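# What the coordinates show
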Number of protein chains: 2
Amino acid sequence: MSKVLTQKQLKVGVIGVGVVGSSVIATLEKNRDIITARAGVEIIIKKACVRDISKPRACPIPLTDDIDEIINDDEIDVVVELMGGRELPYHIAKATLSKGKAFVTANKAMLAYHRYELAKLARTPIGFEASVCGGIPIINALKVGLSANEILAIRGILNGTSNYILTKMTQDGWDFTQALKKAQELGYAEADPSLDINGLDAAHKLSILASIAYGIDVRPEDMLIEGIEHIAPEDIEFAKEFGYCIKLLGIAKKHDSSIELRVHPTMIDEEKLLADVDGVMNAVSVVGDCAGESVYYGAGAGGNATASSVISDLVAIARLYSQNHRQDQANPMLGFITEQSYAIIPKQDITSRYYLRILADDKHGVLEKIAATLSHNKISISTFLQKPSTLDSSSSQNCAKVLLATHTTSEFAIQNAITGLQSLEVVRQKPVIIRIEDE
Amino acid sequence: MSKVLTQKQLKVGVIGVGVVGSSVIATLEKNRDIITARAGVEIIIKKACVRDISKPRACPIPLTDDIDEIINDDEIDVVVELMGGRELPYHIAKATLSKGKAFVTANKAMLAYHRYELAKLARTPIGFEASVCGGIPIINALKVGLSANEILAIRGILNGTSNYILTKMTQDGWDFTQALKKAQELGYAEADPSLDINGLDAAHKLSILASIAYGIDVRPEDMLIEGIEHIAPEDIEFAKEFGYCIKLLGIAKKHDSSIELRVHPTMIDEEKLLADVDGVMNAVSVVGDCAGESVYYGAGAGGNATASSVISDLVAIARLYSQNHRQDQANPMLGFITEQSYAIIPKQDITSRYYLRILADDKHGVLEKIAATLSHNKISISTFLQKPSTLDSSSSQNCAKVLLATHTTSEFAIQNAITGLQSLEVVRQKPVIIRIEDE
């Protein structure tokens with residue numbers, strides 16, 4: 001039977017309150033209003049399960065150390081697994097599904113091995129957006145957005161730690177050991193960083209993406225996997241010299257009736273968008289036969305980014321469960337089920353930095369008049385450039401081009417200044433403005 | 001009442017068979033098997049409506065020139081509107097919804113004005129992924145993938161024609177008129193290109209994105225809009241000199257309780273990912289309070305890319321309608337409802353170009369032996385570099401680093417070559433390989 005929420009709440013149990021679990025709890029609280037408006041119902045964490053319940057913590061949710069207390073709670077609609085590991089989470093998933101509850105997980109290692117068993121069992125929704133590339137909704141893009149396509153190729157920077165190490169080696173000339181040490185100091189790499197640098201973490205994620213692209217139950221051991229441990233500075237130099245950049249890529253390609261899968265350090269053209277993905281960021285390029293190439297870029301890890309994806313799964317489940325006789329609510333047209341109200345900032349109150357191009361007579365005193373007009377409108381100049389004078393073909397007179405960038409000011413001020421400048425006898429035509437966006 | 005498909009088919013009527021409509025028809029045919037496996041039911045175009053039915057065309061679908069014949073057909077589950085215009089498509093949408101049918105459109109101009117009226121009317125799904133950025137599933141990313149976030153900012157290259165013009169001006173030093181002429185020759189710009197270059201097309205799209213991000217009913221006239229007509233080569237030069245790149249951006253930003261909206265040519269840091277989006281490509285950067293920045297890149301226009309998004313909406317509707325008592329089928333866990341079978345290419349059959357780093361004795365004849373080993377394995381060298389000899393600390397002997405790139409060969413061949421190289425007396429350690437991906 002399809003589930004319909006009887007109350008205006010989706011009740012959630014969370015298993016595992018580490019970095020991600022804490023972010024899920026905090027974000028659901030912080031963004032409660034907007035999440036409720038999008039989900040159509042309130043998403044409530046009823047209870048969370050932790051390993052050590054005696055550990056003091058500032059958690060606003062009732063805690064337990066008994067997993068069954070979450071799974072067997074008839075009020076709980078969705079179980080969110082954020083504990084890590086492989087076999088225990090799989091058993092939790094099965095138990096959750098057998099109770100008719102929905103299941104959400106960020107656990108790529110478990111999914112790399114057990115996703116098809118879960119898909120076969122499921123009569124309720126399973127969400128795992130957070131299992132690949134943290135805050136990038138790549139699962140959803142592949143599953144829904146690109147569903148018309150034969151996926152010809154996937155090429156992804158799927159592991160932030162290894163990408164950080166390769167970035168440091170490339171940009172700062174560090175060697176592997178030095179870069180790994182720094183990654184550990186910054187908390188990007190675990191004390192045992194082997195899964196990150198030997199390619200296995202990326203392989204877990206690639207196996208999940210390959211299932212959505214091709215419907216295949218592939219496991220890491222079926223793939224060609226190499227890590228980045230052996231990359232030396234001279235490899236990076238060679239790559240640079242020939243216009244390449246080295247990235248740890250997960251690659252899946254479709255041939256006629258077979259699929260090629262591999263994870264390894266890869267020399268790619270430095271002009272490609274993936275070559276510009278630096279530090280701990282992730283990105284996935286997908287080539288579809290119909291959509292062409294599309295690229296998805298964002299934070300691949302971290303509590304908040306991962307929580308963003310966990311909660312997006314909860315919102316999708318809430319929308320599906322809250323649709324009663326209105327099928328549009330499973331995917332509300334404009335994303336909100338209840339109304340929002342924001343004011344639109346009046347055009348003249350918008351602020352920006354501005355670039356101005358002013359065509360003026362090439363005689364002394366011109367600059368002073370321009371500066372006075374700007375100053376009169378409380379606009380200050382950050383950068384100034386005067387181009388050599390050229391002959392204005394219409395007037396046969398020499399004219400000067402004054403190019404300048406301002407500090408932040410308002411549309412009101414800049415439009416007044418333009419009017420002021422235009423009325424100067426020495427200014428030949430309406431100045432051109434271009435807004436500068438630099439934050 | 002919720003709709004459940006009684007047959008294993010979703011029946012579609014298409015209004016408008018131009019470039020996009022033809023691609024929708026062709027892609028549904030070409031990718032029928034995989035789309036059916038993902039949708040759970042077959043998506044059938046029952047009838048299409050064209051303006052001039054007497055025009056000879058190779059369309060495999062029954063045609064009519066009477067819109068009502070589509071809307072009033074009780075067998076049709078979804079109406080797809082691809083005709084363009086504003087008020088007539090709006091009336092078609094209303095009539096479609098009032099008949100209890102789902103509605104799919106690529107019409108940004110109509111949605112820029114009428115999306116809230118449609119959202120209020122709808123009791124059935126409305127899909128419009130194709131209305132913003134063609135083949136990039138940005139609607140879905142914002143509506144589903146980022147639903148946990150307060151959206152702090154959206155910055156998008158939303159119009160391919162204007163981006164092509166600015167790219168040509170930046171990369172080739174062309175002036176605006178020259179670049180526009182070329183865009184028209186290539187079919188990127190319409191005979192009347194005004195909507196593309198004056199910012200209004202981008203404003204239509206931004207108004208749609210702003211609704212999903214903020215729930216606001218904003219129209220183009222509420223926005224600050226400027227086009228690219230006034231950009232001159234000296235503006236591009238100034239930008240370059242100060243590390244900027246000029247792009248036509250649609251920008252939405254959240255302030256405390258108000259939203260700022262604008263479309264204009266913008267100077268952005270040339271290090272930003274958006275600065276690398278060239279030609280007719282589109283990209284959208286979204287900053288969420290939880291996910292951080294994510295960027296979505298792809299083809300913004302063209303029949304196939306737009307068809308990809310239109311069909312993705314049809315697949316989503318089919319999944320929703322085909323779920324009967326299994327709510328997981330509205331969003332099948334791994335994207336497929338029926339099974340797929342592909343072989344996995346054995347690791348040793350994978351082909352690639354390879355980079356090799358070989359540490360060898362620095363004496364004559366070494367290179368010959370390396371070359372012979374590669375040649376014996378039918379591997380040919382494309383690039384070769386020998387590094388100056390250095391002292392090997394372990395052996396206190398001089399050693400040479402040989403770096404080379406091969407032409408395409410197989411894993412089988414390269415692994416055999418590695419074994420062969422390693423067994424050479426002059427080779428000091430196992431050679432390091434890095435695969436080269438350049439297509």
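Residues numbered from 1 in each chain as written. Chains lettered and ligands numbered in written order. Predicted model: local features only at pLDDT ≥ 70, side-chain atom pairs only at ≥ 80, totals over all residues. Heavy atoms only, no water.

## Points about the sheet that holds strand β2 (residues 42-49) of chain A
By way of backbone hydrogen bonds, the strands of a sheet pair with one another, either parallel or antiparallel. Residues and elements named next belong to chain A. Read from one edge of the open sheet, six strands run β3-β2-β1-β4-β5-β6, paired in parallel fashion. For this open sheet the edge positions go to β3 (63-64) and β6 (126-127), each flanked by a neighbour on one side alone. Sheet strands touched by helix α12 (residues 303-322): β1 (9-15), β2, β4 (78-81), β5 (102-105) and β6. Its angle to β5, the strand with the most contacts, is close to 165°. (Pairing = 2+ DSSP bridges. Helix = DSSP H or I, 4+ residues; strand = E, 2+ residues; numbered from the N terminus. Contact = heavy atoms within 4.5 Å. Axes fitted to C-alpha atoms, helices over the stretch in contact; angles between N-to-C directions.)

## Examining empty space enclosed by the protein
Enumeration over the complete set of coordinates arrives at two cavities of 30 Å³ or more. Lining the largest cavity are 35 residues, and of these A:Asn140, A:Val144, A:Asn331, B:Val144 and B:Asn331 lie nearest its centre. Contributing elements (two or more residues each) for the lining of the largest cavity: β6, α6 (138-145) and α12 of chain A together with β6 (126-127), α6 (138-145) and α12 (303-322) of chain B. Residues of the lining of the largest cavity, tallied by class, amount to 18 nonpolar, nine polar and eight charged. (1 Å grid on protein atoms, 1.4 Å probe; cavity = no way out; pocket = protein on both sides within 12 Å on 5 of 7 lines; lining within 4 Å. Points joined across faces, edges and corners; volume = space filled by probe spheres on them. Nonpolar A, V, L, I, M, F, W, Y, C, P; charged D, E, K, R; others polar.)

## Quick look at the interface of chain A and chain B
In this complex, chain A contributes 143 residues to the contact, which on the side of chain B involves 143 residues. Here chain A packs against chain B, burying approximately 12000 Å² in sum over the two surfaces, 57% of which is carbon and sulfur. There are 14 salt bridges connecting chain A and chain B. Of the charged contacts in the structure, one is a salt bridge between A:Arg262 and B:Glu437, with a shortest N-O distance of 3.3 Å. Of the residues assigned to the side of chain A that touches chain B, the class counts are 70 nonpolar, 33 polar and 40 charged. Here strand β10 (residues 258-269) of chain A pairs with strand β18 (residues 432-437) of chain B via three bridges, running parallel. Residue A:Ile268 lies in a different strand from β18(B), and its bridge partner there is B:Glu437. (Buried area = accessible area lost by both parts, 1.4 Å probe. Salt bridge = Lys/Arg side-chain N within 4 Å of Asp/Glu carboxyl O.)

## Quick word on the domain arrangement of chain A
All names here are of chain A. If you check the domain split of chain A, you get domain 1 (9-134 + 303-323), domain 2 (142-300) and domain 3 (351-437). Here the C-alpha centre of domain 2 lies 27 Å away from the C-alpha centre of domain 1. Between domain 1 and domain 2, the contact holds 14 residues from the first and 22 residues from the second. Across the interface of domain 1 and domain 2, roughly 1400 Å² is buried in total on both sides, 62% from carbon and sulfur atoms. Contact with domain 2 buries surface across domain 1, with Tyr113, Tyr116 and Cys133 losing the most and accounting together for 40% of the total. Here Lys108 and Asp201 are joined by a salt bridge, their closest N and O atoms 3.8 Å apart. In this structure, the connection of domain 1 to domain 2 is made through nine residue pairs in polar contact (both at pLDDT 80 or more). (Domains from an automatic or database assignment. Polar contact = N/O pair within 3.5 Å; in protein donor to acceptor, adjacent residues only side chain to side chain.)

## Considering the UniProt feature "binding site: NADPH" (unreviewed entry) in chain A
Residue and element names in this part refer to chain A. Per the UniProt annotation, the sites labelled "binding site: NADPH" (unreviewed entry) are Lys108. A relative accessible area of 27% places Lys108 in the partly exposed class. Excluding residues that lie within four positions of it along the chain, Lys108 makes contacts with Ser131, Asp201, His204, Lys205 and Ile208. (UniProt positions renumbered as here; feature names shortened; annotations may be inferred. Buried < 20%, exposed > 50% of the residue type's maximum accessible area, 1.4 Å probe, protein only.)

## With respect to the nonpolar core
Judged by nonpolar contacts, the single largest core of 232 residues is most densely connected at A:Leu10, A:Ile43, A:Ile165, B:Leu10, B:Ile43 and B:Ile165. A:Ala275, A:Ala299, B:Val277 and B:Ala305 belong to the second-largest nonpolar core, a separate cluster that totals 30 residues. (Core = buried A, V, L, I, M, F, W, Y, C linked by side-chain atoms within 4.5 Å.)

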